[in-house]
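Each chain, written out:
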Amino acid sequence: QVQLVESGGGLVQAGDSLRLSCAASGRTFSTYALGWFRQAPGKEREFVAGITWSGDSTYYADSVKGRFTISRDNAKSTVYLQMSSLKPEDTAVYYCAAGIVIKANMDYWGKGTLVTVSS
(Lines give C-alpha, C1' and ligand atoms only; values in the text may rest on other atoms or scores of the structure.)
Protein backbone atom coordinates (compact mmCIF):
# COMPACT_ATOMS: atom_id res chain seq x y z
CA GLN A 1 0.00 0.00 0.00
CA VAL A 2 1.13 3.52 -0.80
CA GLN A 3 -0.56 6.67 0.46
CA LEU A 4 0.09 9.88 -1.47
CA VAL A 5 -0.39 13.46 -0.33
CA GLU A 6 0.08 16.34 -2.75
CA SER A 7 0.98 19.89 -1.78
CA GLY A 8 2.15 23.12 -3.36
CA GLY A 9 -0.87 24.13 -5.36
CA GLY A 10 -2.18 27.67 -5.39
CA LEU A 11 -3.09 30.73 -7.40
CA VAL A 12 -0.42 32.12 -9.70
CA GLN A 13 -0.24 34.40 -12.70
CA ALA A 14 0.52 33.36 -16.23
CA GLY A 15 4.26 33.01 -16.72
CA ASP A 16 4.93 32.15 -13.09
CA SER A 17 6.49 28.99 -11.75
CA LEU A 18 5.23 26.57 -9.12
CA ARG A 19 6.52 23.34 -7.63
CA LEU A 20 4.21 20.58 -6.58
CA SER A 21 5.28 17.92 -4.12
CA CYS A 22 3.82 14.53 -3.39
CA ALA A 23 4.85 12.76 -0.21
CA ALA A 24 4.37 9.04 -0.03
CA SER A 25 4.12 6.62 2.82
CA GLY A 26 5.04 2.99 2.46
CA ARG A 27 8.25 1.05 2.40
CA THR A 28 8.13 0.24 -1.28
CA PHE A 29 8.03 3.79 -2.64
CA SER A 30 11.31 3.38 -4.47
CA THR A 31 9.98 0.43 -6.45
CA TYR A 32 7.05 2.31 -7.96
CA ALA A 33 6.79 4.36 -11.10
CA LEU A 34 5.20 7.72 -10.41
CA GLY A 35 3.05 10.03 -12.41
CA TRP A 36 1.38 13.40 -12.31
CA PHE A 37 -2.06 13.79 -13.84
CA ARG A 38 -4.47 16.69 -13.96
CA GLN A 39 -8.14 17.31 -14.40
CA ALA A 40 -9.47 20.66 -15.51
CA PRO A 41 -13.09 21.68 -14.88
CA GLY A 42 -15.38 19.90 -17.28
CA LYS A 43 -12.60 17.81 -18.75
CA GLU A 44 -11.31 14.31 -18.34
CA ARG A 45 -8.23 13.53 -16.32
CA GLU A 46 -5.08 13.59 -18.42
CA PHE A 47 -1.51 12.45 -18.08
CA VAL A 48 1.03 15.19 -17.41
CA ALA A 49 4.35 13.55 -16.56
CA GLY A 50 5.79 10.24 -15.41
CA ILE A 51 9.04 8.90 -14.02
CA THR A 52 10.29 5.35 -13.67
CA TRP A 53 11.17 3.80 -10.33
CA SER A 54 14.87 4.47 -10.88
CA GLY A 55 14.35 8.00 -12.14
CA ASP A 56 16.29 7.15 -15.28
CA SER A 57 13.42 7.82 -17.63
CA THR A 58 10.84 10.58 -17.69
CA TYR A 59 7.83 11.14 -19.89
CA TYR A 60 5.75 14.23 -20.61
CA ALA A 61 2.56 15.22 -22.32
CA ASP A 62 3.23 17.35 -25.38
CA SER A 63 1.34 20.23 -23.78
CA VAL A 64 3.86 20.54 -20.94
CA LYS A 65 7.07 19.36 -22.56
CA GLY A 66 9.83 21.90 -22.03
CA ARG A 67 7.92 23.67 -19.26
CA PHE A 68 7.39 20.99 -16.61
CA THR A 69 9.97 18.73 -14.97
CA ILE A 70 9.21 15.65 -12.91
CA SER A 71 11.74 14.35 -10.41
CA ARG A 72 11.83 12.06 -7.42
CA ASP A 73 13.78 11.71 -4.22
CA ASN A 74 13.49 8.14 -3.05
CA ALA A 75 15.27 8.93 0.22
CA LYS A 76 12.45 11.37 1.03
CA SER A 77 9.73 9.29 -0.61
CA THR A 78 8.70 12.36 -2.54
CA VAL A 79 7.99 13.15 -6.16
CA TYR A 80 8.02 16.69 -7.51
CA LEU A 81 6.58 18.52 -10.46
CA GLN A 82 8.37 21.74 -11.27
CA MET A 83 6.14 23.87 -13.46
CA SER A 84 7.32 26.97 -15.26
CA SER A 85 5.89 29.36 -17.83
CA LEU A 86 2.45 28.50 -16.54
CA LYS A 87 -0.54 29.19 -18.74
CA PRO A 88 -4.21 29.63 -17.88
CA GLU A 89 -4.88 26.29 -19.58
CA ASP A 90 -2.71 24.61 -16.96
CA THR A 91 -5.42 25.34 -14.40
CA ALA A 92 -6.54 22.02 -12.96
CA VAL A 93 -6.49 19.74 -9.98
CA TYR A 94 -3.16 17.94 -10.07
CA TYR A 95 -2.90 14.37 -8.82
CA CYS A 96 0.11 12.24 -8.19
CA ALA A 97 -0.12 8.51 -8.68
CA ALA A 98 2.01 5.43 -8.16
CA GLY A 99 2.08 2.06 -9.80
CA ILE A 100 4.14 -0.72 -11.24
CA VAL A 101 4.14 1.00 -14.61
CA ILE A 102 3.12 4.42 -15.85
CA LYS A 103 -0.36 4.13 -17.25
CA ALA A 104 -3.69 5.91 -17.21
CA ASN A 105 -5.05 3.81 -14.37
CA MET A 106 -2.25 3.83 -11.85
CA ASP A 107 -2.63 1.76 -8.71
CA TYR A 108 -2.53 4.47 -6.04
CA TRP A 109 -3.74 8.07 -6.15
CA GLY A 110 -3.53 11.16 -4.01
CA LYS A 111 -6.48 13.47 -3.43
CA GLY A 112 -5.08 16.25 -5.56
CA THR A 113 -3.98 19.85 -5.24
CA LEU A 114 -5.54 22.76 -7.11
CA VAL A 115 -3.45 24.93 -9.40
CA THR A 116 -5.08 28.07 -10.75
CA VAL A 117 -3.30 30.19 -13.31
CA SER A 118 -4.76 33.63 -13.93
CA SER A 119 -4.22 35.54 -17.17
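Cut-offs and rules
Counting restarts for each chain: residues are numbered from 1 in the order of the written sequence. Per-residue local features of the predicted model are confined to residues with pLDDT of at least 70, and side-chain atom pairs are confined, for both listing and counting, to 80 or more; whole-chain, interface and lining totals are unaffected and use all residues. Working from all heavy atoms in the structure, the side-chain values ignore hydrogens and water. For helices the rule is a DSSP run of H or I covering at least 4 residues; for strands it is a run of E covering at least 2, with both sets numbered from the N terminus onward. Pairing between two strands is assigned when DSSP locates at least 2 bridges connecting them. Fitted lines through C-alpha atoms give the axes, limited to the stretch in contact for helices. The angle between two N-to-C directions lies from 0 to 180 degrees. Two cysteine sulfur atoms form a disulfide, by the criterion used here, when they sit within 2.5 Å. The cut-offs for exposure are 20% and 50% of the maximum accessible area for each residue type, with area from a 1.4 Å probe on protein chains only; residues under the lower value are buried, those over the upper are exposed, and the others partly exposed.

K.L.:
Would you take a moment to explain unusual backbone geometry for this structure?
P.N.:
Most peptide bonds adopt trans geometry, and most residues besides glycine take a negative phi value. Non-glycine residue S77 carries a positive phi angle of around 50 degrees. As for its placement among the helices and strands, S77 is situated in the loop between strand 7 (68–73) and strand 8 (78–83). Although it is not a glycine, S85 sits at a positive phi angle of roughly 50 degrees. Along the chain, S85 turns up in the loop between strand 8 and strand 9 (92–99).

K.L.:
In this structure, what is going on with the sheet that holds strand 3 (residues 18–25)? I would like to understand it.
P.N.:
In any sheet, the strands associate via hydrogen bonds between backbone groups, in a parallel or an antiparallel arrangement. The strand order across the open sheet built from 4 strands is 1-3-8-7, with neighbouring strands paired in antiparallel fashion. Of all the strands in the sheet, the pair left with one neighbour each is strand 1 (3–7) and strand 7. In this sheet, adjacent strand axes meet at a mean angle of 15 degrees when their direction is disregarded. As judged from the 6 bridges shared by strand 3 and strand 8, these two strands associate in the antiparallel manner. Looking across to strand 8, one finds that L20 is bridged to L81.

K.L.:
Looking at this structure, I do not really get the state of the cysteines. What am I missing?
P.N.:
What is meant by a disulfide is a covalent connection between two cysteines, made through their sulfur atoms. Applying the stated criterion to the full structure yields 1 disulfide. Residue pairing for C22: its cysteine sulfur links by disulfide to C96, the two sulfurs lying 1.8 Å apart. Of this pair, C22 sits in strand 3 while C96 sits in strand 9; the two residues are 74 residues apart in sequence, bridging distant segments of the chain. For the pair shown, C22 and C96 are each scored as buried.

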